[in-house]
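Given next are the chains, with one letter for each unit.
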Amino acid sequence: MVQMGRFRQKVIQLAIVEKKSIYETAIACGCTAEKVKRVIKKWKALSRNQVLSNPSPKKE
């Protein structure tokens, strides 16, 4: 999340963490709902790839 810009961080904070609707997030950020959807889609793809690329250590 540190790699993302301030706008994207704000969108993720509102939509994912605070569980606001897409439309509430769009109003708070001053953008369209479509832009919020694109940011959320990109966030989910990045976090999915990050989980897959960092497998958990095996316990012996």
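Our subject is the structure listed above.
Remember, it's a predicted structure, so these values are computed and weren't measured experimentally.

### A word on the packing of helix α2 (residues 22–29) against helix α3 (residues 33–53)
Here is step 1: Interhelical geometry of α2 versus α3 gives an angle of 105° and a closest axis separation of 8 Å. In terms of their interaxial angle, α2 and α3 are classed as roughly perpendicular. Facing α2, whose interface residues are Ile22, Tyr23, Thr25 and Ala26, α3 presents Ala33, Val36, Lys37 and Ile40.

### Considering the packing of helix α1 (residues 6–17) against α2
Here is step 1: Contact pair α1 / α2: the axes reach a minimum separation of 9 Å and the direction vectors enclose 145°. When you trace α1 past α2, the crossing you get is right-handed. Contacts between α1 and α2 involve Phe7, Lys10, Val11, Leu14 and Ala15 from the first element and Thr25, Ala28 and Cys29 from the second.
Here is step 2: Its residues assigned to classes, the contact of α1 with α2 shows six nonpolar, one polar and one charged.

### Considerations on the pattern of salt bridges
If the charged atoms of two oppositely charged side chains come close together, the side chains can form a pair.
Here is step 1: Across all of its chains, the model carries one salt bridge by this definition.
Here is step 2: We note a salt bridge from Glu34 to Lys37, for which the minimum N-O separation is 3.6 Å. Of the two residues, Glu34 and Lys37 both sit in helix α3, three residues apart, roughly one turn of that helix.
Here is step 3: Take Glu34: its relative accessible area is 47%, and that puts it in the partly exposed class.
Here is step 4: For Lys37, a relative accessible area of 35% corresponds to the partly exposed category.

Conventions and cut-offs
- What you see as residue numbers is a count from 1 along each chain, following the sequence as written.
- For this predicted model, a pLDDT threshold of at least 70 governs which residues receive local features, and a threshold of 80 or more governs which side-chain atom pairs are given and counted, while totals over whole chains, interfaces and linings are taken from all residues.
- Only hydrogens and water are set aside; all other atoms, that is, all heavy atoms of the structure, feed into the side-chain values.
- Helix axes are fitted to C-alpha atoms over the stretch in contact, other axes to C-alpha atoms as well, and angles between N-to-C directions run from 0 to 180 degrees.
- Counting from the N terminus, the helices are DSSP H or I runs at least four residues long and the strands are E runs at least two residues long.
- Each angle is binned into one of four classes, with values under 35 degrees roughly parallel, values over 145 roughly antiparallel, values of 65 to 115 roughly perpendicular, and all other values oblique.
- In what follows, a contact means two residues having at least one pair of non-hydrogen atoms within 4.5 Å.
- What makes a crossing left-handed is the near helix being turned counterclockwise from the far one by less than a right angle; a clockwise turn instead makes it right-handed.
- Three categories are distinguished: nonpolar for Ala, Val, Leu, Ile, Met, Phe, Trp, Tyr, Cys and Pro, charged for Asp, Glu, Lys and Arg, and polar for the others, with Gly belonging to the last.
- Note on definitions: salt bridges are taken to be side-chain nitrogens of Lys or Arg within 4 Å of carboxyl oxygens of Asp or Glu.
- Working definition: with a 1.4 Å probe on protein chains only, accessible area under 20% of the residue-type maximum means buried, over 50% means exposed, and in between means partly exposed.

No statement about biological role is implied by the geometric values presented.
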